[in-house]
Amino acid sequence: QVQLVESGGGLVQPGGSLSLSCAASGIIFSTNAMGWYRQAPGKQRELVAAITGGGTTKYIDSVKGRFTISRDNAANTVALQMNSLKSEDTAVYYCAAKRPPFYGTNWYRGPYDYWGQGTQVTVSS
């Protein structure tokens, strides 16, 4: 049984930092691409960042330079470090896993195969 369990959400002031973590089980973690999605109220879910097993990363423009995705294949975890947070980063954040194969420049695109339950991130003063 595949499980993705997120942790680390919460309330933070604008300009602050927050770190999310996702623990995976039931998959061959190192072969999966991992992604962090988010969904704000009234908006579509969007991919924020993704990382391959080898460490290649992809970010949406709005988080470049502020967010960092990383993974530990030995521990089956993926993290999202979020700095300089803005109110528009407020959303439910989801961890997702994508099974191989995936090729080329669109390797990070969906659909993803497995999802966590989500964790709320609220950026507010």
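To start, this report covers the structure provided alongside it. (Residues numbered from 1 in each chain as written. Predicted model: local features only at pLDDT ≥ 70, side-chain atom pairs only at ≥ 80, totals over all residues. Heavy atoms only, no water.)

## Focus: unusual backbone geometry
Okay, step 1: In the segment running from Pro 100 into Pro 101, the intervening peptide bond is cis, with an omega of 5 degrees.
Okay, step 2: Mapped onto the elements, Pro 101 comes out in the loop between strand 9 (91-98) and strand 10 (114-115).
Okay, step 3: In this structure, Pro 111 follows Gly 110 across a cis peptide bond, with omega equal to 10 degrees.
Okay, step 4: We note that Asn 76 has phi near 55 degrees; this positive angle belongs to a residue other than glycine.
Okay, step 5: Topologically, Asn 76 is positioned in the loop between strand 7 (67-72) and strand 8 (77-82). (Helix = DSSP H or I, 4+ residues; strand = E, 2+ residues; numbered from the N terminus.)

## Let's talk about the pattern of salt bridges
Okay, step 1: Under the definition given, this model contains five salt bridges.
Okay, step 2: One salt bridge connects Glu 46 with Arg 38, and the closest N-O pair in it is separated by 2.8 Å.
Okay, step 3: Here Glu 46 falls in the partly exposed class, since its relative accessible area comes to 33%.
Okay, step 4: Residue class for Arg 38 comes out buried when judged on its relative accessible area of 5%.
Okay, step 5: Taking the shortest distance from any N to any O, the salt bridge between Asp 89 and Arg 66 comes out at 2.8 Å. Note that Asp 89 is positioned in the loop between strand 8 and strand 9 and Arg 66 in the loop between strand 6 (57-59) and strand 7, a separation of 23 residues in sequence.
Okay, step 6: For Arg 66, a relative accessible area of 10% translates into the label buried.
Okay, step 7: Through salt bridges with shared partners, a single network forms among Arg 38, Glu 46, Arg 66 and Asp 89. (Salt bridge = Lys/Arg side-chain N within 4 Å of Asp/Glu carboxyl O. Buried < 20%, exposed > 50% of the residue type's maximum accessible area, 1.4 Å probe, protein only.)

## What about the sheet that holds strand 3 (residues 18-25)?
Okay, step 1: On the basis of which strands lie adjacent, the open sheet formed by four strands has the order 1-3-8-7 and antiparallel pairing. Looking at strand neighbours, the two that pair on one side only are strand 1 (3-7) and strand 7, the edges of this open sheet. Each neighbouring strand pair of the sheet contributes to a mean axis angle of 15 degrees, computed without reference to strand direction.
Okay, step 2: For strand 7 and strand 8, the ladder comprises six bridges, and the chain directions are antiparallel. Residue pairing in the sheet places Ser 70 in a bridge with Ala 79 of strand 8. (Pairing = 2+ DSSP bridges. Axes fitted to C-alpha atoms, helices over the stretch in contact; angles between N-to-C directions.)

## Remarks on the pairing of strand 3
Okay, step 1: Burial along strand 3 is one-sided: Leu 18, Leu 20, Cys 22 and Ala 24 are buried, while Ser 19, Ser 21, Ala 23 and Ser 25, pointing the other way, are not.
Okay, step 2: In the sheet, strand 3 pairs with strand 8 via six bridges, with the strands oriented antiparallel. Looking across to strand 8, one finds that Ala 23 is bridged to Thr 77.

## Topic: the packing of aromatic side chains
Okay, step 1: Within this structure, the stated rule accounts for four aromatic pairs.
Okay, step 2: Among the aromatic residues, those joined into a cluster by ring pairs are Tyr 37, Tyr 112 and Trp 115.
Okay, step 3: When the ring centre of Tyr 112 is taken as origin, the NZ or CZ atom of Lys 98, which lies over that ring, is 5.9 Å away. (Phe/Tyr/Trp six-rings, centres within 6.5 Å; stacked < 30°, edge-to-face > 60°. Lys NZ or Arg CZ within 6 Å of the ring centre and 35° of its normal.)

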